[in-house]
Amino acid sequence: MNAWLFDLGNTRLKCAPLRADGRPGPALALPHREEDIAAALAQALPSEPIDVAYLASVAHPAQRMAVLQALSARCGRISIARTQTRFALPGFGEVRIAYAEPRKLGVDRFLALLGAHAQGQGAALICGVGTALTIDLIDAHGQHHGGLIAPSPTLMREALHARAPQLPELGGERMAFAADTEDALASGCDGAALALIERSLLAGKLKLGAVPRLLLHGGGSDALAAALPTPIASPTLVLEGLAIWAGVETPR
């Protein structure tokens, strides 16, 4: 079966073929604007028809519709992933989310929980750095202990620039105490995100009795990784979770 995975976030669209072993193949990141999506997919995807497309989306409805329209022209079936209260992972027990209302937990965060737990390496603090900074704690038994949402450093810079155009949107280096505006902005916005992640690691340790693994994903994660203790780069974590969801939704 020719199947593909699609992760439509607020910042970019990532996609990957679903391999025969149930894992995602090499991932691609595509333009995100509605008017570019169809052309980008036509160029990136194989020419042969796709049997089934698995889509996870947290994007604006108009962007999601643009992707669905582009995929419908070349896919036999489109299956949309949704957050579930409980999800059984063959061989790894069950993931149970902390939210009383599953629809309020973004499907990208839900899928990242599946991907993290399926690694079978114990508790994890999962940090996604995209438009938003999301943080979720899951223990070794698959229990989600909730999470946090904050602006990412990029969004902080954009918001400051929008309200005060004299503050540059880009540039600067992170340091303890900056001596010019660009460095001060980079240091402050990155520092706010880093402090929240470090505080969450400490809170996770207090809750679980041991420091959880720190998994980083999202387009802005590389900029923070060097300043964090033993981060594990997990750029395809959402796609890995989507592949798990696809395997249960369409058993092989």
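What counts and how
- Residues numbered from 1 in each chain as written.
- Predicted model: local features only at pLDDT ≥ 70, side-chain atom pairs only at ≥ 80, totals over all residues.
- Heavy atoms only, no water.
- Salt bridge = Lys/Arg side-chain N within 4 Å of Asp/Glu carboxyl O.
- Helix = DSSP H or I, 4+ residues; strand = E, 2+ residues; numbered from the N terminus.
- Buried < 20%, exposed > 50% of the residue type's maximum accessible area, 1.4 Å probe, protein only.
- Lys, Arg positive; Asp, Glu negative; His and termini not counted.
- Contact = heavy atoms within 4.5 Å.
- Phe/Tyr/Trp six-rings, centres within 6.5 Å; stacked < 30°, edge-to-face > 60°.
- Pairing = 2+ DSSP bridges.

Asker: Looking at this structure, I do not really get the pattern of salt bridges. What am I missing?
Answerer: Working definition: two side chains of opposite charge can pair if their charged atoms are close together. Under the criterion given, the structure shown has six salt bridges. Here Asp136 makes a salt bridge to Arg109, at a shortest N to O gap of 2.7 Å. Placement of the pair is Asp136 in strand β9 (residues 132-138) and Arg109 in helix α3 (residues 107-117), with a sequence separation of 27 residues. Judged by relative accessible area, Asp136 falls into the buried class, the value being 3%. The partner of Asp190 in a salt bridge is Arg174, and the shortest N-O contact between them spans 2.8 Å. Of this pair, Asp190 sits in helix α5 (residues 181-208) while Arg174 is found in the loop between α4 (153-163) and α5, placing the two residues 16 residues apart along the sequence. One connected set of salt bridges, linked through shared partners, spans Glu101, Arg103 and Lys104.

Asker: Which parts of the structure should I look at to understand the side chain of Glu240?
Answerer: For Glu240, the location among the structural elements is in helix α7 (residues 237-249). One buried charged side chain, Glu240, makes no salt bridge at all; its nearest oppositely charged neighbour is Arg23, positioned 4.3 Å away. Setting aside anything within four residues of it in sequence, one finds Glu240 in contact with Arg23, Pro24 and Gln119.

Asker: What exactly am I supposed to notice about the packing of aromatic side chains here?
Answerer: To describe a pair of aromatic rings, you give the distance between the ring centres and the angle between the ring planes. Scanning the model with the defined rule gives three aromatic pairs in all. Taking 6.3 Å as the distance between ring centres and 80° as the angle between the ring planes, the aromatic pair formed by Tyr54 and Trp245 counts as edge-to-face. In this pair, Tyr54 is assigned in strand β4 (residues 50-57) and Trp245 in helix α7, connecting sequence segments 191 residues apart. In this structure Tyr54 comes out as buried when scored by relative accessible area, which is 0%. Between Phe87 and Phe110, the ring centres sit 6.0 Å apart and the planes meet at 80°, which makes this aromatic pair edge-to-face. Linking Phe87 in strand β6 (residues 86-89) with Phe110 in helix α3, this pair joins segments that are 23 residues apart in sequence. For the pair Phe87 and Phe110, one class covers both residues: buried.

Asker: Can you help me understand the pairing of β6 in this one?
Answerer: For a regular strand, side-chain orientation follows a simple rule: the groups alternate between the two sheet faces. Across the two faces of β6 the burial differs, with Phe87 and Leu89 buried and Arg86 and Ala88 not buried at all. The pairing of β6 with strand β7 (residues 93-96) spans four bridges and is classified as antiparallel. Opposite Arg86, over in β7, you have Arg96 as the bridge partner. Counting the residues in the hairpin turn of β6 and β7 gives three residues, including Gly91, whose phi is positive at 90°.

Taken by themselves, the reported measurements are silent on function.
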